[in-house]
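# Inside the fold
One letter stands for each residue in the lines below.
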Amino acid sequence: MTDITLSSVKKIYKPGLFKKNVQAVNDLSFAIRKGEVFGLIGPNGAGKSTTIRMILGLIRPDSGRILFRGKPFRESPILQEIGYLPENPYLYDHLTLLELLNFCGQSSSLDSKRIKMRGQELMLKLNLLEAQKRPLRTFSKGMLQRAGICFALLHDPSVVILDEPMSGLDPIGRKMVFDLVMELKDQGKTIFFCSHILNDVERLCDRIGLMHKGRLIKEFAREDFLPNTVNSVFLHTAKISQSQLDKVQVLGGTARNEGEGHLLAIPDEKYFQVNRYLEESGVDILGCRSEWLSLEDLFMQAVKEQNQ
Amino acid sequence: MKSVLALATITFKEGIRNRSLFGIALLSLFLFGLNISVAGFFMRDIGKVTVDMNLSALTLAGLLLVFFVGINLIAKDIDRKTIHLVLSKPISRAQYICGKYLGIQFFVTISLLLLLLLSCLTVGLLFKLYPAYFIGFSWLIFFEACLFVLIKFWVLTAVVVFFSSVTTSSLITLIFSLGSYIAGVTIEEVVFYLKTELAAQEKIISESLRTFIDVVSYVLPNFSVFDFTLEAAHGLVVTSDRLLLSLGYAIVYIVIMLSAAAYIFSRREFH
């Protein structure tokens, strides 16, 4: 079952007279399944935030359809199910976090007992309990980001949309948010998020969509960049012949092209065998790698292909 | 309704904690103090000048409250994209407009009521010091005049909310609202002038200009219908018909402005 479906969505921004129209989103189609973590990545100006705003109804698509659980988006009943964190949230300067969360709960029709309980729970998780009665204008950037996350999650939404959730956070804050997203994932929530921090996307997402110039140019499953190479050693070698590659495969290794040479993934238990064979064949080992294929590699490769 | 009240509450709190409020309160205190210190210079007109100065001080404070704090309470939401967060909750655009309007209205009302308290102290003090020069003064008419100063700002707040729903920046909202206020205060006199024989003799006033001003006078808020300063200063009784007519005009104008704002806002996109 899909929670959010976009089919052939287009959006053109008209900046005004004598200015060129900007195609923000072009023929965008994807679906986010219930309970999955879907990440949308792409360079600046790719159309990620526009996509999120269209999903939330802040912007209307020029054409195409956006469905929530098979039904067209309308305002109130669906927004009850969605929690949204914008990029760099601007909150009310003179309110305290407690007042902000009260507003959030009341607008989502929660009773005061539930608002208090959920508020305390989230503030505890995001280390904001001590700051709950301070005006939001005294918060640091990271604290505002975490306050925004509390605001997004207070009404316990089943779908969470996060636009750059790690932006402005220190390593401790990032860890907190990471753990929280993992917890939401374990609770079976559907999570849709945009981020520039590919490492976070890689670790959190079940599926990743790559946007470029308003289009979804590629979709990766987690397995695409995390194959069965968990207990493997990665060796970067000079170019080796096809017969040598076949032999490496017979011995249990996997190979792929990497620059001028090859990258070999060798299971731990086969390492000495493969290494001995490479030495005997006179293959130069250029170095070691920590991963098989990073999302960054896939990202750069896809963008390069698209630009060509 | 719960969402509207929740939004009105945070808007009110955001406004009442704004530091500009101290400046506005100080300015009003200065004007009230000035009234006490210079009252003795006006001989027989002390009562009239006192009422006039107090109502003017309340009007000035109200204008500053609406233009410097009230506008920011709605336009800043759009400027700083806080509205993205608010509209991601189950709040419709019309509810947002109503919530913001009620919040600003509540903020302006509470602030002006506090200033009215100080104003009453000033008037009361001068009344006690110079009772002979307050002949005809009536607290009831004074309070009626103050109430309509407040109602005038409710209408002005609706105008501000309307322009915030149309424009993309708080500065443009300020310019349009200020323009509407100035035109709204003077339009009645212009219309009356155009009906005089003197105006009929003026060749420069063409028929098309007359029609234009006539149309504009219906579109712009006529703020002079809320001005009872003259009656309060001279202790002239205001008929209930006039009060009801002014109140009805305010309600109709507010409803039209908010409905138009809600309609425009519901069609607007937030990039």
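Residue positions within a chain follow its written sequence, with the count starting from 1. All chains are assigned letters beginning with A, and all ligands numbers beginning with 1, in the order in which they are written. The predicted origin of the model limits local features to residues at a pLDDT of at least 70 and limits the giving and counting of side-chain atom pairs to 80 or more, whereas totals for whole chains, interfaces and linings rest on all residues.

## Points about the overall build of chain B
Going along the chain from the N terminus, every DSSP run of H or I of four or more residues is numbered as a helix, and every run of E of two or more is numbered as a strand. Check the secondary structure of chain B and you find eleven helices and zero strands. The linear arrangement of helices and strands in chain B, starting from the amino end, is α-α-α-α-α-α-α-α-α-α-α. Dimensions of chain B, computed from the C-alpha atoms along their principal axes, are close to 60 × 50 × 30 Å. Using C-beta atoms placed from the backbone, we call a residue buried if 20 or more other C-beta atoms fall within 10 Å of its own, exposed if 12 or fewer do, and partly exposed for counts in between. Taken across its 271 residues, chain B has 42% of its residues classed as buried.

## What about the nonpolar core?
In terms of nonpolar packing, the biggest core is built from 138 residues, with Leu100 and Cys150 of chain A together with Ala158, Val161 and Leu258 of chain B touching the most fellow members. Each nonpolar core consists of buried Ala, Val, Leu, Ile, Met, Phe, Trp, Tyr and Cys residues. Their C-beta atoms, within 7 Å, join them into a set. Counting nine residues, the second-largest nonpolar core is a separate cluster that includes Leu235, Leu264, Ile266 and Val274 of chain A.

## Let's talk about the confidence of the model for chain B
Of the residues in chain B, 100% reach a pLDDT of 70 or more, and the chain-wide mean stands at 88. This prediction of the complex comes with two scores: 0.84 for pTM and 0.81 for ipTM. Per-residue confidence from the predictor is reported as pLDDT, a score between 0 and 100.

## Topic: the sheet that holds strand β14 (residues 285–289) of chain A
In a beta sheet, neighbouring strands are held together by backbone hydrogen bonds and run either parallel or antiparallel to one another. Residue and element names in this part refer to chain A. A strand pair is defined by DSSP finding two or more bridges across the two strands. Taken together, the four strands give an open sheet; going across it, the order is β12-β13-β11-β14, and neighbouring strands pair in antiparallel fashion. Each edge of the open sheet carries a strand with a single partner, namely β12 (254–258) and β14. Along the sheet, successive strands turn relative to each other by an average axial angle of 25 degrees, direction set aside. Note that β12 and strand β13 (residues 261–267) share five bridges and pair antiparallel. The partner of threonine 254 across the bridge, within β13, is alanine 265. Fitted lines through C-alpha atoms give the axes, limited to the stretch in contact for helices. The angle between two N-to-C directions lies from 0 to 180 degrees.

## Re the interface of chain B and chain A
Whether two residues are in contact depends on their C-beta atoms, placed from the backbone: they are in contact if these lie within 7 Å. Counting residues at the interface gives 22 residues for chain B and 26 residues for chain A. Counting only elements with at least two residues in the side of chain B that touches chain A, the list comes to α1 (2–16) and α4 (82–87) of chain B. Ranked by residue count, the leading element in the side of chain B that touches chain A is α1 of chain B, at six residues. For this classification, Asp, Glu, Lys and Arg are treated as charged, while Ala, Val, Leu, Ile, Met, Phe, Trp, Tyr, Cys and Pro are nonpolar and the rest, including Gly, are polar. Looking at the side of chain B that touches chain A residue by residue, the classes come out as seven nonpolar, seven polar and eight charged.

## Focus on the environment of threonine 254 of chain A
All names here are of chain A. Considering the arrangement of structural elements, one finds threonine 254 in strand β12. Threonine 254 sits in the partly exposed class, given 18 other C-beta atoms within 10 Å. Each C-alpha atom, one on threonine 254 and one on isoleucine 266, is 6.6 Å from the other, the two residues being twelve residues apart in sequence. If we ignore the near neighbours within four places in the chain, the residues touching threonine 254 are Leu264 and Ala265.

## Some remarks on the environment of valine 248 of chain A
Looking at the element boundaries, valine 248 of chain A is found in helix α9 (residues 242–250). Excluding its chain neighbours within four sequence positions, the residues that come into contact with valine 248 of chain A are Gly253, Ala255, Leu264 and Val274 of chain A.

## Comments concerning the sheet that holds strand β8 (residues 190–194) of chain A
Residues and elements named next belong to chain A. Taken together, the six strands give an open sheet; going across it, the order is β6-β7-β8-β3-β9-β10, and neighbouring strands pair in mixed fashion. A single partner strand is all that each edge strand has here, and the edge strands are β6 (82–85) and β10 (215–221). Across the sheet, the mean angle separating the axes of adjacent strands is 15 degrees when strand polarity is ignored.

## Brief notes about the packing of helix α5 (residues 93–129) of chain B against helix α11 (residues 240–267) of chain B
Residue and element names in this part refer to chain B. Put simply, α5 and α11 touch, their axes get as near as 8 Å, and they point 135 degrees apart. Judged by the angle between their axes, α5 and α11 are oblique. Of the two possible hands of crossing, α5 and α11 adopt the one that is right-handed. Residues Arg93, Ala94, Tyr96, Ile97, Cys98 and Tyr101 of α5 pack against Leu258, Ala261, Ala262, Phe265 and Ser266 of α11. Orientation is classified from the angle alone, with under 35 degrees giving roughly parallel, over 145 giving roughly antiparallel, 65 to 115 giving roughly perpendicular, and any other angle giving oblique. Note: crossing handedness is left-handed where the near helix turns anticlockwise from the far helix by less than a right angle, and right-handed where it turns clockwise.

## What about helix α7 (residues 170–194) of chain B?
Residues and elements named next belong to chain B. Here the expected length of a helix is defined as 1.5 Å per residue gap, with one fewer gap than residues. Helix length check: α7, at 25 residues, gives a terminal C-alpha distance of 35 Å against a target of 36 Å (1.5 Å per residue), a fit within 8%. What the bend at a residue measures is the angle between two axes, fitted to the seven residues ending there and to the seven starting there. At threonine 186, α7 shows its strongest bend, of approximately 40 degrees. Every buried residue of α7 is accounted for by Ser170, Thr173, Leu174, Ser177, Ser180, Tyr181, Gly184 and Ile187. Those residues of α7 that are buried are in contact with α3 (46–79), α6 (139–166) and α9 (207–219).

## A short note on α11 of chain B
All names here are of chain B. For α11, with 28 residues, the first-to-last C-alpha span of 41 Å sits near the 40 Å given by 1.5 Å per residue. Turning to α11, its buried residues are Ser246, Ala250, Ile254, Met257, Leu258, Ala261, Ala262 and Phe265. Those residues of α11 hidden inside the fold are in contact with α5 and α6.

## Observations regarding the packing of helix α2 (residues 20–38) of chain B against α3 of chain B
All names here are of chain B. Remark: α2 packs on α3, axes separated minimally by 10 Å, with the N-to-C direction vectors making an angle of 170 degrees. By the angle between their axes, α2 is roughly antiparallel relative to α3. Residues Ser20, Leu21, Ile24, Leu27, Ser28, Leu31, Phe32 and Asn35 of α2 pack against Thr50, Met53, Asn54, Ala57, Ala61, Leu64, Leu65, Phe68 and Val69 of α3. The class makeup of the residues in the contact of α2 with α3 is twelve nonpolar, five polar and no charged.

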